[in-house]
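Each chain is listed here by its residues.
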Amino acid sequence: MAEIDRKLLLDCALCPNMCRCECPVDQALGKEAVSPTGKARFAHMMLEGQLPWSEEFVEAVYSCVGCKGCETLCPFEGLELAEELRLVRLEAARQGVTLNSVQPYLSNLKKYGSPYGSRAPLSEEARGSKGAEVLVFAGCTTVANNPASLEAILALLDRAGVSYQMVEEYCCGYPADLWGDPELARQLAKENVRLFADSGARKLITNCPECWLTFKRRYPEWEQELPLEVVDGTAFLLELVREGRLKPAKVEGLEKVAYHDPCVWARYEERTEVPRELLASIPGLKLEEAAAAGKATRCCGGGQMFQLASPAGSEAIARRRLAEFPAGMPIVTDCPFCREGLKVEGAEVLELVELLQRACCGGSGR
Amino acid sequence: MSGSVEAIIQESSMSPEESAALARDLAKIVGEEGVSTKMVDRLATCRDFWPLMGVWFVEGKVPALPDVIVWPKSTAEVAAVLSLANERGIPVTPFGKGSGVLGGAIPLRGGIVLDTKLMKRVKELDRENLMITVEPGLNGALYEEYLNRHGFTGGHFPQSVRCSSVGGWLACRAAGQLSNRYGKIEDIVVALEAVLPDGTVIRGPKKPRTSTGPRIDLLFLGSEGTLGVITEATLSIWPYPEQKAKLSYAFDSLEQGLTVIRKIMQAGGRPAVVRLYDLDETAGHFPETREAEGRCMLVLLIEGDSTLVSAEVKLAQELALEEKGLDCGEAPVDHWDERRYNVSLSSKMIRQGAVLDTIEVTANWDNAFTVYKNMREALLNVEGTALASGHYSHVYPEGACLYMTICGFAPGDKTEYYKRFWSAAMEACLASGASIGHHHGLGLHRGLWMEEEQGENLKILRRIKQALDPKGIMNPGKLSLEVAEKWQK
């Protein structure tokens, strides 16, 4: 288990907030306590015993969307503030403090294996072909908020002739880990690894970057060896297009879209070209870039499930981000949290798989 | 509630009942979300980035806590908050991004911290007249980003640009690193809107110049929240520079470098960046530049219209060669550019127990070198000082800003050591005939030398303060306009 780097955290706490212009929480909420340095200061003071571990101060260390915006300007080698704050939240939980707003979601996770509550059993159709090489991992947020995007990826796989299967998956463990319950996260991971092993699949594809990141980064830390390769869903679909197994056609009535780079893809994975190549494969469609795009992207408000921890804060961040997009066209993204986060003020937001489904399958059918 | 955090220079504060009642009244103006009495917000806004605050933070101390924090969203809300505070005689400390370095944002007498962060709108971009009107809480880097997206630059790049606000620049009379080309904030500002303690809103003319009596709005430049709250600013902007040229030269002596930059400025050249480093800073910043070993580095960045840039490059080259400057190429300029916002050493040194600061003063050319020599000697004579170095970074036809960096390990109490080296620096500066401040403002600490700096003028400033703020509610204890009871030399 990683440990808090107290020296780096103190360096950050002593810095005059030189990265605050890139902290979406700071800029949207306008409160000194949730500036990058503010968060580090409260973390340091609680760790030093100068302040009690109370909800009031712990809330500051929950006020991070994990977008790595601060890191783009940070001079302290090795400092990942979001990661340090995650570890501080684990310590807060050990001290008996978890943010009240996330408690219902943690309860759901314990009871149902999803932060959003019970999940309907998979339909026979969605279960796909038992023993298929490709396993589609939907992710709780997709299932709860936008099942249409799951439908879309299944339709695209059908269209491309890719045999797939789905299992009665559990949450990947991401929220439990974010919110200070690593034991729960590890249990969920263990259940998933068992399901994956039983499935016989050799490749897992997911359109949820947070699930993807958890599999890649946390499962090894939790000593949960994945029995299959984890693949970014957008990249998988792009391969199918490149191979000619998917043939996008013009989408009637749609000439321009903007693309929102999710932080996980653009900052953690530094993967920005894949969705652009996929969009470029759709005839007659022009991509208009946001004012801050690619690795310079900014958070949608949904990073680190901030919608659940702080709905009002998340909306304020989303409004700020929306102002960076060209008007009069849909925003396309490939993250269920970004889609959900940006859907304020009547913005039209859709997932890339939904657009690709329209281009390859026409309408919404398979 | 605040655990073991100790507020060590607090002069007064409210009872919890009083602050709760005040918060209820303020909520009627700004809404429930716009007010807080939570300790988390009180601790977050109890200080700025005065380097001594870092030392105190490590020691588990804070300077002074506000009782209530308020986040107004408009000029009308600021006016209503100030009216209420004035009526009841409650102290108000304006707070931008808290990036000041002299304790100006410390709420010595508790009361209200008025945080301007939610007032961050761009109100008007006037392309024809090259002006922009913004609210004071707008972050500096985002202000420049907005202008760049529209093909302009604001020309104001203090080292704090990423962590400071437009209002803060104006309130402390700031200067940016490209100030020789674009001017200091007082050259860039066109007009201000501000709210006086009684709620009166004043506005300056958004005109290039007027001859219609003293400009009341411009009185707020450098007032550091002691007269009221700046609520809107109209600033000059420039087309994004067409061309940039980078030059650097190493000189055998600091005096030779000073001669070159004096001649450039007096000939009418305006390189955006002029930085002349002493031996220690040259060795520290440019160890990879062989020609600079044992010499003093001059870094120049010239930008703007290409015809003008060519002429300025020629002028600088000729004058540098006249003083036997060794051409070091573009690399030192790139190095400066890459490192210009990196202040990480400060955190690391404080974490390791050091006490440090930077002190910028203003000298005329005829004593620019003497001031450096005397301040450096005085600082090195203070027991515990390990380093006292300097560079010149803002220049004029009449003189230059000298920027000293001091780092040491206190032989005893860190705060006492801090006070000792500041006193040594200020005394040497004043004895050498320089002005004690160039662009960091006065805040709490440098304000202690206002009498020596301003003489009789201080009495007039106090009378102006008395006229505008008769109850003394605005940022009390700063700029030596009143005595800070618990903070003396």
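Going along each chain's sequence as written, the residues are numbered from 1 onward. Here every chain gets a letter starting at A, and every ligand a number starting at 1, in the order they are written. pLDDT decides what is reported in this predicted model: residues at 70 or higher carry local features, side-chain atom pairs at 80 or more are listed and counted, and totals for whole chains, interfaces and linings draw on all residues regardless.

### Some details on the overall build of chain B
Secondary structure elements follow DSSP: runs of H or I no shorter than four residues count as helices, runs of E no shorter than two count as strands, and numbering proceeds from the N terminus. Looking only at helices and strands, one finds 17 helices and 20 strands in chain B. Both definitions apply: the radius of gyration is a C-alpha atom measure, and the globule rule equals 2.2 Å times residues to the power 0.38. Scaling as 2.2 N^0.38, a compact globule of 489 residues should have a C-alpha radius of gyration of about 23 Å, and chain B matches this with 23 Å. C-alpha extents for chain B along the principal axes are approximately 70 × 60 × 40 Å. The burial criterion counts other C-beta atoms lying within 10 Å of a residue's C-beta, which is placed from the backbone; the residue is buried at 20 or more, exposed at 12 or fewer, and partly exposed between these limits. Out of the 489 residues belonging to chain B, those deemed buried represent 55%. A separation threshold of at least 6 residues defines the contact pool for chain B, and within that pool the share at least 24 residues apart is 74%. Two residues form a contact once the distance between their C-beta atoms, set from the backbone, is within 7 Å.

### Comments concerning the nonpolar core
A set of buried residues qualifies as a nonpolar core if it consists of Ala, Val, Leu, Ile, Met, Phe, Trp, Tyr and Cys joined through C-beta atoms within 7 Å. Core analysis: the largest hydrophobic core is formed by 278 residues, its most contacted members being A:L135, B:L170, B:L402 and B:A425. Examining the composition of this core, we find that 9 residues originate from one element, helix 15 (residues 414-431) of chain B, more than from any other. Among all residues touching A:L135, those that are not within four sequence positions of it are A:Y164, A:Q165, A:M166, A:V167, A:F196, A:S199, A:A201, A:K203, A:L204 and A:L228.

### Points about the domain arrangement of chain A
Residue and element names in this part refer to chain A. Domain start and end points were adopted from an automatic or database domain assignment. Here chain A is described as being made up of domain 1 (6-97), domain 2 (124-241) and domain 3 (248-361). Placing the centre of domain 1 and that of domain 3 at their C-alpha centroids yields a distance of 27 Å. For the side of domain 1 that touches domain 3, the element with the most residues is helix 2 (residues 24-29), which contributes 5 residues. A breakdown of the residues in the side of domain 1 that touches domain 3 according to their chemical character gives 8 nonpolar, 4 polar and 1 charged. Any residue that is not Ala, Val, Leu, Ile, Met, Phe, Trp, Tyr, Cys, Pro, Asp, Glu, Lys or Arg is counted as polar, Gly included; the first ten are nonpolar and the last four charged.

### Here we look at the sheet that holds strand 17 (residues 326-327) of chain B
By the convention used here, strands pair only if DSSP detects at least 2 bridges between them. Here 7 strands make up an open sheet; going across it, the order is 17-14-16-15-19-20-18 (chain B) and the pairing antiparallel. Each edge of the open sheet carries a strand with a single partner, namely strand 17 and strand 18 (355-364) of chain B.

### Describing the pairing of strand 16 (residues 296-304) of chain B
All names here are of chain B. With 9 of 9 residues buried, strand 16 lies mostly within the body of the structure. Going residue by residue along strand 16, you find C296, L298, L300, I302 and G304 tucked away on one face and M297, V299, L301 and E303 tucked away on the opposite face as well. Here strand 14 (residues 243-251) pairs with strand 16 via 9 bridges, running antiparallel. Directly across from F251, in strand 16, lies its bridge partner C296. Bridge count for strand 15 (residues 273-277) against strand 16 is 4 bridges, and the pairing is antiparallel. What sits directly across from L276, in strand 16, is L298.

### With respect to the sheet that holds strand 2 (residues 35-36) of chain B
All names here are of chain B. The 4 strands are arranged 2-4-6-5 in an open sheet whose pairing can be described as mixed. A strand with exactly one partner marks an edge of an open sheet, and here the two such strands are strand 2 and strand 5 (92-95). Strand direction decides the pairing type here: strand 4 (residues 68-70) and strand 6 (residues 112-115), joined by 3 bridges, are parallel. Paired with I69 across the bridge in strand 6 is V113. Only the contacting stretch of a helix is used when fitting its axis, a line to C-alpha atoms as for every element, and angles between N-to-C directions run 0 to 180 degrees. Most of the contacts of helix 1 (residues 16-30) go to strand 4, to which it runs at about 10°, and overall it touches strand 2 and strand 4. Helix 4 (residues 75-88) contacts strand 4, strand 5 and strand 6 of the sheet and is inclined by roughly 170° relative to strand 6.

### Description of the interface of chain B and chain A
It is common to report an interface's size as the accessible area lost on association of the parts. In this complex, chain B contributes 35 residues to the contact, which on the side of chain A involves 31 residues. No other element matches helix 13 (residues 344-351) of chain B, which puts 5 residues into the side of chain B that touches chain A. Partitioning the side of chain B that touches chain A into residue classes produces 14 nonpolar, 12 polar and 9 charged.

### Some points on the packing of helix 3 (residues 36-47) of chain A against helix 5 (residues 81-94) of chain A
Residue and element names in this part refer to chain A. Direction vectors running N to C along helix 3 and helix 5 enclose 30°, while the axes themselves pass 11 Å from each other. Here helix 3 lies roughly parallel to helix 5, going by the angle between them. The element helix 3 and its partner helix 5 pack so that their crossing is left-handed. For the pair formed by helix 3 and helix 5, the contact residues are P36, K39, A40 and A43 on the first element and L81, L85 and V88 on the second. The residue inventory of the contact of helix 3 with helix 5, partitioned by class, reads 6 nonpolar, no polar and 1 charged. Any angle that is under 35 degrees is reported as roughly parallel, and any over 145 degrees as roughly antiparallel; angles of 65 to 115 degrees are reported as roughly perpendicular and all others as oblique. When the near helix sits turned anticlockwise from the far one by under a right angle, the crossing is termed left-handed; a clockwise turn instead gives a right-handed crossing.

### Concerning unusual backbone geometry
Of note in the backbone geometry, A:K68 takes a positive phi value of approximately 65° without being a glycine. When you line up the elements, A:K68 lands in the loop between helix 4 (55-62) and helix 5. A positive phi angle, near 50°, is found at B:E224, a position not held by glycine. Here B:E224 is to be found in the loop between strand 11 (201-203) and strand 12 (229-236). Residue classification places B:E224 among the buried residues on the basis of 28 C-beta atoms within 10 Å.

### Some words on the pairing of strand 4 (residues 229-232) of chain A
Pairing analysis gives 4 bridges linking strand 3 (residues 203-206) of chain A to strand 4 of chain A, with the strands arranged parallel. Each residue of the ladder has a partner; that of A:K203, found in strand 4 of chain A, is A:E229.

### Looking at the environment of B:A64
All names here are of chain B. Here A64 lies in the loop between strand 3 (61-62) and strand 4. Since 26 C-beta atoms lie within 10 Å of it, A64 is described here as buried. Each C-alpha atom, one on A64 and one on T358, is 23 Å from the other, the two residues being 294 residues apart in sequence. Discounting residues that sit within four places of it in the chain, A64 has contacts with A7, I9, Q10, C46, I106, P107, L108 and G110.

### Comments concerning the confidence of the model for chain B
Each residue carries a pLDDT score, the predictor's own confidence in it, on a scale running from 0 to 100. On average, chain B scores 97 in pLDDT, and the residues at 70 or more come to 99%. Taken together, the chains of this predicted complex give a pTM of 0.96 and an interface ipTM of 0.96.

### Structural notes on the packing of helix 1 of chain B against helix 4 of chain B
All names here are of chain B. Look at helix 1 against helix 4: their axes get within 9 Å of each other, and the N-to-C directions meet at 155°. In terms of orientation, helix 1 and helix 4 fall into the roughly antiparallel class. Relative to helix 4, helix 1 is oriented so that their crossing is right-handed. On helix 4, the residues touching D25, L26, I29 and V30 of helix 1 are E77, A80, V81 and L84. Classifying every residue of the contact of helix 1 with helix 4 gives 6 nonpolar, no polar and 2 charged.

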